[in-house]
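# Residue-level structure breakdown
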Amino acid sequence: MIIEICANSVESALNAEKGGASRIELCGELEVGGITPSYGVLKRVVAQLEIPVFVLIRPRSGNFTYSDEEFEVMKEDILLCKKIGCSGIVSGVLNDDNTLDFKRTQELVELAKPLSFTFHRAFDWIPNPEEAIQQIIEMGCDRILTSGQANKATDGLPLLVKLQQEYKDKIKIMPGSGVNIDNVKAFKKEGFSEIHFSASKLYKNVFVAAPISFNGNAFDESFVRKSDSSIVQQMVENVK
């Protein structure tokens, strides 16, 4: 079973490899669902890791419907990832009504070649997943990262299993969201060949409370989140 760790920093990426991960999806700002990491993070991670590095191409938090300028940024980021030696791209574009934007997503897939391409969790917003997955296959994506259109992949397991059974010879279905030590075996039991999680812990990085919040008190800024190598190792042992 391929273990993909969603790593939000250089430290998280190194911890993922140390723990035995098969590859990472590199991103920033997990608290908002992830955005494209900085050039410095990309360069240092690719230089130091031996396992494959996939990169999230998402220019901002929020929805997955992008302006022309945002879409140009996404394309520039893909070209940069190819130039510095990344192994895969994780992205996707939706229309205003959350249906799949076939034209723009296919443009990203073509631009990313020969890198592997994962259609990310924007899939979980799509109102017609059965129709969309056929289009995603048609455009040449290698896998879909999805929670089965639920908040947690365990709750979306019926759809995940259904999609895998119907399309396993055409595309990989990779469960993600809420996957942990206690439930990872359930996904292996159902025959999924890849799994995605952050294996992260909160670390207190300052010892006084933040005087003011820069995020509207959405989360405590005195903590930082990092992937933990011991959690990764436990997950790897659980599935093997």
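## Comments concerning the pattern of salt bridges
Taken as a whole, this structure holds 14 salt bridges when the rule is applied. R121 is paired through a salt bridge with D124; the nearest N and O atoms lie 2.8 Å apart. R121 gets classed as partly exposed once you look at its relative accessible area, which sits at 32%. We classify D124 as buried; its relative accessible area is 12%. Two residues, K201 and D228, come together in a salt bridge whose shortest N-O distance is 4.0 Å. Here K201, found in strand β9 (residues 200–204), pairs with D228, found in the loop between β10 (223–227) and α8 (229–239); they are 27 residues apart in sequence, far enough to count as distant. With relative accessibility at 39%, the residue K201 sits in the partly exposed group. Taking relative accessible area as the criterion, D228 reaches 8% and is therefore assigned buried.

## Focus: the packing of aromatic side chains
Summed over all chains, the structure comprises 2 aromatic pairs. Their ring planes at 70 degrees and their centres at 5.0 Å tell us that F64 and W125 sit as a pair that is edge-to-face. Of this pair, F64 sits in the loop between β3 (53–56) and α3 (68–84) while W125 sits in the loop between β5 (116–119) and α5 (129–138), and the two are 61 residues apart along the sequence. Cation over ring: R104 sits above F71, and NZ or CZ is 4.5 Å from the ring centre.

## Looking at the side chain of E194
By the secondary structure assignment, E194 is in strand β8 (residues 194–197). Here the side chain of E194 touches R23 through a polar contact of 2.7 Å, side chain to side chain. Of note is the side chain of E194, whose polar atom sits 2.9 Å from the side chain of R143. Not counting residues within four places of it along the chain, the set of residues in contact with E194 comprises M1, I2, R23, R143, K172, I173, M174 and P175.

## Brief notes about α8
The periodicity of an α-helix, 3.6 residues per turn, causes residues three or four places apart in sequence to face the same way. Considered for burial, the residues of α8 that qualify are S229, I231, V232, M235, V236 and V239. The arc that holds every buried residue of α8, seen down its axis, measures 160 degrees, which confines them to one face. Where α8 is buried, its residues contact β1 (2–7), α1 (10–19), α7 (184–189), β8, β9 and β10.

Rules behind the numbers
Residues numbered from 1 in each chain as written. Predicted model: local features only at pLDDT ≥ 70, side-chain atom pairs only at ≥ 80, totals over all residues. Heavy atoms only, no water. Salt bridge = Lys/Arg side-chain N within 4 Å of Asp/Glu carboxyl O. Buried < 20%, exposed > 50% of the residue type's maximum accessible area, 1.4 Å probe, protein only. Helix = DSSP H or I, 4+ residues; strand = E, 2+ residues; numbered from the N terminus. Phe/Tyr/Trp six-rings, centres within 6.5 Å; stacked < 30°, edge-to-face > 60°. Lys NZ or Arg CZ within 6 Å of the ring centre and 35° of its normal. Polar contact = N/O pair within 3.5 Å; in protein donor to acceptor, adjacent residues only side chain to side chain. Contact = heavy atoms within 4.5 Å. Arc of directions from axis to C-beta.

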